[in-house]
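Residue-level listing of the chains:
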Amino acid sequence: MDRFEAMRTLVAVVDGGSLSAASRALGMPLPTISRRVSDLETHLGSRLLVRTSRKLVLTEAGEAFTAVARRLLDDLADAERAASGEYREPRGALLVTAPIMFGKLHVAPVVHAFLAAYPPVSVRLILSDQVIDLIDAHVDVAVRIGRLPDSRLIGRQVGQVRWVCCASPDYIARRGEPEHPDSLIDHDCIAFEGLQSHRQWVFGSGASERRFPIRPRFSVNTADAVVGAAVAGLGIARLMSYQVAAAFADGRLVPVLRGWDDRPTPVSLVHQPQPVQPLKRRAFLDFVAPRLSVILAEVDGQTAKIAGSSAEP
């Protein structure tokens, strides 16, 4: 029995929640997966998994062994990367995540330039507005918008964005401009599912935080769709500055409730701590960070000027 392969199989079963999921993830026949787990249990003389009516559950011994197996597999992967030269020059594959619209507009073009500068490196870019667990998903670098509560991760702030309320000139001409967030309940609003409540918007933070009810006429789960609905005159939207910068610049959208949404939100590059950082990740961070900083400073300054608020934090 190859114990490393057996450990890889067990971890895949645990991560996938079933033998069939591990079979798909590893590209192996289901009987092979089952046999490897059984052989490992026989070798250890202990039951590692218990099948319930709905899923596989680790026993106490299984939890302890799986934790050790993960560490050993990570150490083996580090050793393989070192032997292949990954710690001597930037080379190998990077997995990067970013929010959908920010990734499309700003991260992807910078990644293109990085790949041109570093031919031995490849990048897989996953765009999602959901927070992806860096450890479980083996993410090398994540672009995060917002505060970073997880102290296990290392973050490098590259700039800031702001929440901005906006509407089309046509909507303002038809319905008027709200002078206070209290007035939002009398307007049609566009809700950004996943990042905002469907029934209220939060302004300020901490002791100054206030919640105001809204009446969503349209709800959708991507920022570009929210922008499109606002441009179409369906109501008032609340988006981040980078998401509306182009629509502000050409006059398709105009800010409303100026001064209520000017608190900055940090944008950071985040990664796991590692005793020896692979050069591919260090090169990526050093290349991407200053370029995103320039982009964000320009967007924040332009948006703050249009919205009539200061660009200073």
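Bear in mind that the values here come from a model prediction, so they are computed numbers and not experimental data.

Colleague: Let's hear about the overall build of the protein chain: which residues, and what values?
Modeller: Tallying secondary structure elements over the protein chain gives 9 helices and 13 strands in all. The buried share of the protein chain, reckoned over its 313 residues, is 42%. For the protein chain, long-range pairs separated by at least 24 residues make up 73% of all intrachain contacts whose partners lie at least 6 apart in sequence.

Colleague: Describe the pattern of salt bridges, listing the residues and the values that go with them.
Modeller: One pass over the full model with this rule turns up 11 salt bridges. Across the pair R36 and E5 runs a salt bridge whose closest N-O atoms are separated by 3.6 Å. One end of the pair, R36, is in helix α3 (residues 30-44); the other, E5, is in helix α1 (residues 3-16), with 31 residues separating them in the sequence. The class for R36 is partly exposed, based on a relative accessible area of 21%.

Colleague: Outline the nonpolar core, listing residues and values.
Modeller: Within the largest apolar cluster, 45 residues are counted, with the highest numbers of intra-cluster contacts made by F102, L239, L253, L269 and F284. The element contributing the most residues to this core is helix α9 (residues 279-307), with 9 residues. Of all hydrophobic cores here, the second largest spans 13 residues; its members include C165, L184, C189 and F203.

Colleague: Go over a nonpolar patch on the surface, please, and point to the residues and values.
Modeller: A surface patch of nonpolar side chains, amounting to about 220 Å² of accessible area, comprises F4, V68 and L72. Mapped onto the fold, V68 is located in helix α4 (residues 60-83).

Colleague: How would you summarise the packing of aromatic side chains if you had to cite specific residues and measurements?
Modeller: In the structure shown here, the tally under the stated rule is 8 aromatic pairs. Both rings, one in F102 and one in Y242, keep their centres 4.9 Å apart while their planes meet at 80 degrees; by these two values the pair is edge-to-face. Residue F102 is found in helix α5 (residues 100-117), and its partner Y242 is found in helix α8 (residues 241-249); the two are separated by 140 residues along the sequence. As far as burial versus exposure is concerned, F102 and Y242 are alike and both buried. For the pair F114 and F284, a centre-to-centre distance of 5.1 Å together with 85 degrees between the ring planes defines the contact as edge-to-face.

Colleague: Which residues make up the side chain of T97, and what are the values?
Modeller: Turning to its location among the elements, T97 is positioned in strand β3 (residues 92-98). A residue is classified by how much of its surface remains accessible, and T97, at 6% relative accessible area, is buried. Not counting residues within four places of it along the chain, the set of residues in contact with T97 comprises I126, I132, V139, V141, A142 and V143.

Colleague: Summarise α1; cite the residues concerned and give the values.
Modeller: Each turn of an α-helix holds 3.6 residues, which means side chains three or four residues apart point in the same direction. Look at α1: 20 Å from first C-alpha to last across 14 residues, which is about the 20 Å you get at 1.5 Å a residue. With a side-chain oxygen lying 3.1 Å from the backbone nitrogen of F4, the N-terminal cap of α1 falls on D2. Following α1 by one or two positions, G17 has its phi on the positive side, about 85 degrees.

Colleague: Run through the pairing of strand β13 (residues 264-271), naming residues and quoting values.
Modeller: With 8 of its 8 residues buried, β13 lies for the most part within the structure. Relative to β13, strand β5 (residues 141-145) is paired through 4 bridges, and the arrangement is antiparallel. Directly across from I145, in β13, lies its bridge partner V267. In this structure, strand β6 (residues 154-167) lies alongside β13, joined through 8 bridges in antiparallel fashion. Each residue of the ladder has a partner; that of Q160, found in β13, is P266.

Colleague: Just give me the short version of helix α2 (residues 19-26), but keep the residues and values in it.
Modeller: Every buried residue belonging to α2 is among L19, A21, A22 and S23, and all of these are buried. On its buried face, α2 is in contact with α1, α3, β1 (49-51) and β2 (56-58). G27, located one to two residues past α2, shows a positive phi value of around 65 degrees.

Cut-offs used in this document
- Residues numbered from 1 in each chain as written.
- Predicted model: local features only at pLDDT ≥ 70, side-chain atom pairs only at ≥ 80, totals over all residues.
- Heavy atoms only, no water.
- Helix = DSSP H or I, 4+ residues; strand = E, 2+ residues; numbered from the N terminus.
- Buried < 20%, exposed > 50% of the residue type's maximum accessible area, 1.4 Å probe, protein only.
- Contact = heavy atoms within 4.5 Å.
- Salt bridge = Lys/Arg side-chain N within 4 Å of Asp/Glu carboxyl O.
- Core = buried A, V, L, I, M, F, W, Y, C linked by side-chain atoms within 4.5 Å.
- Patch = residues over 30% accessible without salt bridge, like charges linked within 9 Å, V, L, I, M, F, W, Y side chains within 5 Å.
- Areas by Shrake-Rupley, 256 points an atom, 1.4 Å probe, with all protein chains shown as cover.
- Phe/Tyr/Trp six-rings, centres within 6.5 Å; stacked < 30°, edge-to-face > 60°.
- Expected span 1.5 Å × (residues − 1).
- Polar contact = N/O pair within 3.5 Å; in protein donor to acceptor, adjacent residues only side chain to side chain.
- Pairing = 2+ DSSP bridges.

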